[in-house]
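Each chain, letter by letter, is given below.
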Amino acid sequence: MSLGIEAIGVYIPGGREDNLSRQEKFGLKGGFLGEKIGVFKKAFRDRYDDCSDLCVKAFNALQLKTGVDKNEIEVIIVVTQNPDTRLPHAGALVHSKLNLLSTCASFDVSLGCSGFVYGLSVISSFMKDNGFKKGILFTSDPYSKIIDSEDRNTALLFGDGATATLISDNPVLVPGIFSFGTLGSKAGEICLINGKLFMNGQAVVKFVKRYIPEDIRNNIAENGLSIDQIDRFILHQESKFIVDIITEDLGVDRSKVPFDIWEYGNTVSSSIPIILEKEMMIDENSIFLLSGFGVGLSWASCVLKRT
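Residues numbered from 1 in each chain as written. Predicted model: local features only at pLDDT ≥ 70, side-chain atom pairs only at ≥ 80, totals over all residues. Heavy atoms only, no water.

With respect to helix α6 (residues 240–250)
Because an α-helix packs 3.6 residues into every turn, residues spaced three or four apart end up facing the same way. Among all positions of α6, only I242, V243, D244, I245, I246, T247 and L250 are buried. Contacts made by the buried residues of α6 are with α1 (32–37), α5 (201–222), β11 (232–235) and β12 (287–294). Backbone geometry just downstream of α6 places G251 in the positive-phi region, at approximately 70 degrees. (Buried < 20%, exposed > 50% of the residue type's maximum accessible area, 1.4 Å probe, protein only. Helix = DSSP H or I, 4+ residues; strand = E, 2+ residues; numbered from the N terminus. Contact = heavy atoms within 4.5 Å.)

Some remarks on helix α7 (residues 271–279)
With eight of its nine residues buried, α7 lies for the most part within the structure. Taken together, the buried positions of α7 are S271, I272, P273, I274, I275, L276, E277 and E279.

Notes on the nonpolar core
Counting 77 residues, the largest nonpolar core has I5, F233, L276 and L290 as its most contacted members. Other than its neighbours up to four places away in sequence, I5 contacts F116, L120, T165, L166, I167, P171, V172, L173, L276, M280 and L304. Of all hydrophobic cores here, the second largest spans 23 residues; its members include V68, A90, V94 and F138. (Core = buried A, V, L, I, M, F, W, Y, C linked by side-chain atoms within 4.5 Å.)

Some remarks on unusual backbone geometry
The omega torsion of the bond from L87 to P88 falls at 0 degrees, within 30 degrees of zero and hence cis. Structurally, P88 is set in the loop between β4 (75–79) and α3 (90–98). Of note, the bond from G296 into L297 is cis; its omega dihedral lies within 30 degrees of zero at -20 degrees. Along the polypeptide, L297 turns up in the loop between β12 and β13 (298–306).

As structure tokens, then:
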């Protein structure tokens, strides 16, 4: 049985915070926002929406697109590091709010920027092992809960969003071989301090330069492909500067590496599926390379092929 991505539902909140009006506060000049950060506005969740609510709204978008029957869903996984509460897990809350069958499994994966790729491997394996035909991989990490509005390293970067990816036996895109990595000794470079996000930007840049292009090249080779056969490189949208670094190192045309967070920001685990949802609608795009990297410090890559 072949399992893969059938469709993706996306929810980006309508609320926005304007970075242009705040760049002077942080001493930013010229084209720094456009050339380095790549975020002019950040999406901000509704006041009473939490992680599980964003998941439900992403599922509503998926259902509107596909008409998926909730009673056919056999497993849901929520990728998040900012759930509604520590107990119960976010998956249980989403299960309740969607009124899914009691036979539907639900659990969380605590990962950030690499989480969608990790989650795709986890749900695919889980479904194959249990003979399941329909599952939903959710990503929802409302970083607005942990951002320090006075921290120039994070306050202008992260936005809220969520996705719901339908994994089924009627796939449009099928994953090949995955690759993973962790630099746990440097995990403190992105962490919580007194409940607020801390990120060492210079350390993240060094990490990306050292590990990510190499992993992408190795993954493409492991999948029996050459780099010029990849139609689209869907990279975690950490910032424009980071995406540009990887693009230049790989030596690929910028048109193959979409960057599109100008109006909503870095949505952590949701950034890859938000971009993928658009790019998979273009029939000419047949082979995708996904690469997520960040909190952990962790990374994961995989190739997707159109059926």
